[in-house]
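Residues per chain are reported as follows:
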Amino acid sequence: MRKLLSVLLPVIVLAAAGVTWFATRVPSSPFDGVAGSQAPSPELIQRGEYIARLADCVGCHGSPDQPPFTGGLEMATPVGSIFATNITPDKETGIGNYSLADFDRAVRHDVARDGHHLYPAMPYPSYAKLSDDDVRALYAYFMHGVKPARHANKASDIPWPLSIRWPLAFWSALFMDHGSHHEQPSENAVWNRGAYLVQGPGHCGACHTPRGLAFNERALDDSNPLFLSGALLDGWYAPSLRGDPNRGLGRWSEDELHQFLKTGRNRHAVVFGSMTDAFNNSTQFMTDEDLRAIAHYLKSLPGDPRRDGPAWHYDPKSNDTLALNARLKTPGAQTFLAKCSFCHGADGRGQGQWFPPLAGAASLMARENASSINVTLNGSKRVVADGIPDAYRMPPFREQLSDRQIADVLSFARSSWGNNGEPVKPEEVKHLRESTDPANSSVIILHMR
Amino acid sequence: MKLTINGITHQVEAEPDTPLLWVLRDELGMTGTKYGCGIAQCGACSVMVDDIVTRACVTPIESLENRRITTIEGIENDPVGKRVVAAWVKHQVPQCGYCQSGQVMAATALLKETPHPGDDEIAAAMVNLCRCGTYNAISAAIHDLAGDERTGQ
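Rules used throughout
Residues numbered from 1 in each chain as written. Chains lettered and ligands numbered in written order. Predicted model: local features only at pLDDT ≥ 70, side-chain atom pairs only at ≥ 80, totals over all residues. Heavy atoms only, no water. Helix = DSSP H or I, 4+ residues; strand = E, 2+ residues; numbered from the N terminus. Rg over C-alpha atoms; globule rule 2.2 N^0.38 Å. Buried < 20%, exposed > 50% of the residue type's maximum accessible area, 1.4 Å probe, protein only. Contact = heavy atoms within 4.5 Å. Areas by Shrake-Rupley, 256 points an atom, 1.4 Å probe, with all protein chains shown as cover. Lys, Arg positive; Asp, Glu negative; His and termini not counted. Charge placed at Lys NZ, Arg CZ, Asp CG, Glu CD. Axes fitted to C-alpha atoms, helices over the stretch in contact; angles between N-to-C directions. Parallel < 35°, antiparallel > 145°, perpendicular 65-115°, else oblique. Left-handed = near helix turned anticlockwise from the far one by under 90°. Buried area = accessible area lost by both parts, 1.4 Å probe. Salt bridge = Lys/Arg side-chain N within 4 Å of Asp/Glu carboxyl O. Polar contact = N/O pair within 3.5 Å; in protein donor to acceptor, adjacent residues only side chain to side chain. Nonpolar A, V, L, I, M, F, W, Y, C, P; charged D, E, K, R; others polar. UniProt positions renumbered as here; feature names shortened; annotations may be inferred. Domains from an automatic or database assignment. Core = buried A, V, L, I, M, F, W, Y, C linked by side-chain atoms within 4.5 Å. Pairing = 2+ DSSP bridges. 1 Å grid on protein atoms, 1.4 Å probe; cavity = no way out; pocket = protein on both sides within 12 Å on 5 of 7 lines; lining within 4 Å. Points joined across faces, edges and corners; volume = space filled by probe spheres on them.

Let us now look at the overall build of chain A. For chain A, the helix and strand inventory stands at 18 helices and six strands. Taken against the 2.2 N^0.38 rule, which gives 22 Å for 449 residues, the C-alpha radius of gyration of chain A at 24 Å falls within 12% of a compact globule. Counting the 449 residues in chain A, one finds 51% classified as buried. Here the contacts in chain A between residues at least 6 apart in sequence split such that 66% fall between residues at least 24 apart. In the form shown here, chain A has an accessible surface area of approximately 21,100 Å², with 59% of it arising from carbon and sulfur atoms. Taking the average location of the 44 positive side-chain charges in chain A and that of its 47 negative ones, the two points are 4 Å from each other.

Below, the structure is given as structure tokens:
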């Protein structure tokens with residue numbers, strides 16, 4: 001026994017020492033020892049502002065009633081809420097004391113200046129791929145282009161011991177690809193730029209890639225077919241961005257993708273749900289060149305016919321059920337005519353780029369029906385393109401339609417015009433009605449994205 | 001772009017995504033078509049496009065070139081519309097009247113689609129809202145019109 005102990009003890013001590021070293025070490029940065037005292041050029045600051053748009057920093061680190069980048073957005077974890085932090089250059093409450101290397105460690109290596117690990121609500125598995133140049137520009141912008149604003153960070157309400165941060169070092173070790181983005185020599189420059197934007201700053205996978213049990217994105221690049229294959233998050237289903245013709249982008253051209261990201265709409269869809277924020281704050285500010293690169297890259301990701309099924313084709317037969325003498329006999333048909341058809345078209349084809357079609361809509365064919373229920377209950381948010389709010393938006397039907405009526409009208413739309421979505425159950429509407437009701441104390445709070 | 005409204009072609013300056021309702025009321029001064037909810041739910045802004053009832057508040061003018069638009073100002077040039085207005089007067093349908101140009105549009109479109117609508121068809125087609133609650137009078141007027149046709153009067 002004693003002999004066993006004498007062998008085991010050093011092993012245990014060594015292992016404990018190793019774990020402690022790993023969990024508390026400060027990762028190295030290529031900027032270690034780089035002095036950041038001289039003022040950066042206006043061009044570098046401007047470049048950094050653009051990177052902040054690409055990465056949509058303000059999407060989480062901004063809240064409507066506060067100065068920009070002072071944080072405050074509440075995000076849920078399974079064990080409690082955390083709050084986005086102040087990233088203005090305020091020395092006391094923000095990141096004013098961060099060196100370039102400190103900033104790099106927070107953005108690309110999940111470690112804050114005081115050594116604590118960040119929660120992966122910060123999409124650092126994606127930001128890890130940022131280039132050194134982009135990190136330098138981003139730092140210049142946050143230090144010199146953003147006004148310092150005093151606004152104390154709100155502590156998370158995760159209870160001890162779950163609030164201990166060092167185990168996150170192991171999460172990162174398991175679920176991150178460390179190191180900057182690598183170019184694929186077999187692909188052209190446009191493709192590589194698109195891959196960088198999508199996987200890195202754009203962090204598209206934070207919503208569109210399915211997550212595993214540890215809330216980790218199950219793929220961080222195109223080497224895995226699960227990458228951007230669609231995921232449920234915060235009561236919205238972010239559809240596949242791969243070549244799936246039904247539930248993905250298979251029927252979209254590169255030009256249409258570009259138009260969608262630039263103007264928030266095209267003949268297939270209009271941004272809604274969480275994508276409205278991504279559009280309002282981020283994608284519309286990207287250069288045409290970058291948007292074309294994103295479109296080119298996304299269109300190179302193949303779909304999966306086993307997952308997506310046979311490609312959708314418009315079927316006019318379902319319009320018979322909408323005839324004046326037939327529509328009261330089909331559940332959902334009369335509600336569709338009275339509430340939906342004036343915008344989305346009685347034939348389900350929408351109105352150009354202004355009102356999205358329901359015929360062939362990915363959200364109506366996805367197995368996860370959360371997006372269609374959510375947008376029907378709660379409507380869509382204002383799409384603000386180029387500073388101008390759009391003229392049309394989806395109204396909320398929470399007060400107008402019952403669970404049964406919403407289930408019926410969505411089941412109708414999901415099975416009409418060639419759509420092949422499964423029916424919606426009233427219980428599913430009831431569940432989302434409660435969890436998305438702002439008056440409910442357990443309302444859905446944004447997850448990690 | 002050009003819009004043909006009540007048989008007259010108008011040159012309009014508005015952007016292609018502008019709702020027809022704004023062009024009618026603000027640019028052309030045709031204020032008989034009313035603004036109610038702005039989100040296609042109440043029907044006060046109903047007009048006909050190629051004889052199909054359409055909510056002007058959610059119809060971008062982009063899609064309306066070479067289409068035939070009918071508003072309340074021109075409804076009596078249409079034989080069915082003329083009969084609807086007469087029935088509306090006979091049954092003294094309007095109270096405050098705000099929704100009624102839309103109601104007349106919906107009734108006219110219904111009777112153009114089917115001259116002898118039954119109860120179910122009337123219920124299915126007449127979905128415009130009326131805060132005064134003139135629904136009974138609307139129903140009576142349309143039943144009268146449907147019967148009119150049947151007796152050939």
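After that view of the structure, there is still more to cover.
Right, let's talk about the packing of helix α16 (residues 370-378) of chain A against helix α18 (residues 426-435) of chain A for a bit. All names here are of chain A. For the pair α16 and α18, interaxial distance at closest approach is 10 Å and the crossing angle is 60 degrees. It follows from the interaxial angle that α16 and α18 lie oblique. The handedness of the crossing between α16 and α18 comes out as right-handed. Judged by residue contacts, A370, I373, N374 and L377 of α16 engage E428, V429, L432 and R433 from α18.

To continue, consider the interface of chain B and chain A. When the parts of a complex come together, some accessible area is lost, and that lost area is often taken as the interface size. Listed per partner, the contact involves 24 residues of chain B and 18 residues of chain A. In total, chain B and chain A occlude about 1,700 Å² of area from one another, counting both sides; carbon and sulfur atoms represent 61% of this. For the chain B face of the interface with chain A, the top three residues by lost area are Q41, V58 and A124 of chain B, together amounting to 30%. For the pair chain B and chain A, the interface holds zero salt bridges. Run the count over chain B and chain A and you get six residue pairs in polar contact (both at pLDDT 80 or more). At the level of secondary structure, the elements contributing two or more residues to the side of chain B that touches chain A comprise β4 (52-55), α3 (100-113) and α4 (119-125) of chain B. Per-element accounting of the side of chain B that touches chain A gives the leading share, five residues, to α4 of chain B. The class makeup of the residues in the side of chain B that touches chain A is twelve nonpolar, six polar and six charged.

The subject of this paragraph is the UniProt feature "binding site: heme c 2" (unreviewed entry) in chain A. Residue and element names in this part refer to chain A. The positions UniProt marks with the feature "binding site: heme c 2" (unreviewed entry) are C204, C207 and H208. If you trace the backbone, C204 turns up in the loop between α8 (189-199) and α9 (205-208). Not counting residues within four places of it along the chain, the set of residues in contact with C204 comprises V198, L228 and L241. Among the structural elements, H208 can be located in helix α9. Setting aside chain neighbours within four positions, we find H208 in contact with L228, S229, G230, A231, A238, P239 and L241.

It is possible for side chains bearing opposite charge to pair when their charged atoms get close. Residues and elements named next belong to chain A. Counted by the stated rule, this structure contains 28 salt bridges over all chains. With a shortest N-O distance of 3.9 Å, R414 and E422 are connected by a salt bridge. For E422, a relative accessible area of 36% gives the class partly exposed.

Here we take up the domain arrangement of chain A. When cut into domains, chain A gives domain 1 (32-148 + 166-175), domain 2 (189-308) and domain 3 (316-435). Domain 1 of chain A and domain 3 of chain A are separated by 39 Å when their C-alpha centres are compared.

What follows is about the nonpolar core. Residues and elements named next belong to chain A. In this structure, F103, L130, F142, V198, L228, Y297 and L298 are the most contacted members of the largest nonpolar core, which totals 61 residues. When residues of this core are assigned to their parent elements, the largest contribution, eight residues, is made by helix α6 (residues 132-144). The residue makeup of this core includes at least three contributed by each of domain 1 (32-148 + 166-175) and domain 2 (189-308). Ignoring anything within four residues of it in the chain, the contact list for L228 reads V198, C204, G205, H208, T209, S240, L241, R242, L298 and L301.

Residue and element names in this part refer to chain B. The strand order across the open sheet built from five strands is β2-β1-β5-β3-β4, with neighbouring strands paired in mixed fashion. Of all strands in the sheet, those with a lone pairing partner are β2 (8-11) and β4, marking the two edges. Each adjacent strand pair in this sheet contributes to an overall mean axis angle of 40 degrees, direction not counted. Two elements, strand β1 (residues 2-5) and β2, share four bridges in a ladder whose sense is antiparallel. Of the residues in β2, the one forming a bridge with K2 is Q11. Strand contacts of helix α1 (residues 20-27): β1, β2, β3 (46-49) and β5 (68-70), with the helix running at about 80 degrees to β1, the strand carrying the most contacts. α3 contacts β3, β4 and β5 of the sheet and is inclined by roughly 35 degrees relative to β3.

Residue and element names in this part refer to chain B. Per the domain assignment, the segments of chain B are domain 1 (2-71) and domain 2 (75-151). Taken together, the contact pairs 17 residues of domain 1 with twelve residues of domain 2. Between domain 1 and domain 2, the buried area comes to about 1,100 Å², and carbon and sulfur atoms account for 59% of it. Linking domain 1 with domain 2 are one salt bridge. Salt-bridge contacts for D51 lead to K112; the nearest nitrogen and oxygen are separated by 3.8 Å. The tally of links between domain 1 and domain 2 comes to seven residue pairs in polar contact (both at pLDDT 80 or more). Residue assignment for the side of domain 1 that touches domain 2 shows that the elements contributing at least two residues are β3 and β4. The greatest single-element share of the side of domain 1 that touches domain 2, amounting to three residues, is contributed by β3.

Our next topic: the UniProt feature "binding site: heme c 1" (unreviewed entry) in chain A. All names here are of chain A. Per the UniProt annotation, the sites labelled "binding site: heme c 1" (unreviewed entry) are C57, C60 and H61. Considering the arrangement of structural elements, one finds C57 in helix α3 (residues 57-61). In this structure C57 touches A52, F69, I87 and F142, once residues within four positions along its chain are discounted. As for its position among the elements, H61 is in helix α3.

With that out of the way, let us pick up empty space enclosed by the protein. All names here are of chain A. Under the counting rule described, the total for this entry stands at two cavities of 30 Å³ or more. Within this model, the largest cavity holds a volume of roughly 60 Å³. Lining of the largest cavity is provided by P120, P123, P125, W171, F175, R211, F215, N216, E217 and L220. Two domains each put at least three residues into the lining of the largest cavity: domain 1 (32-148 + 166-175) and domain 2 (189-308). Approximately 40 Å³ is the volume found for the second largest cavity.

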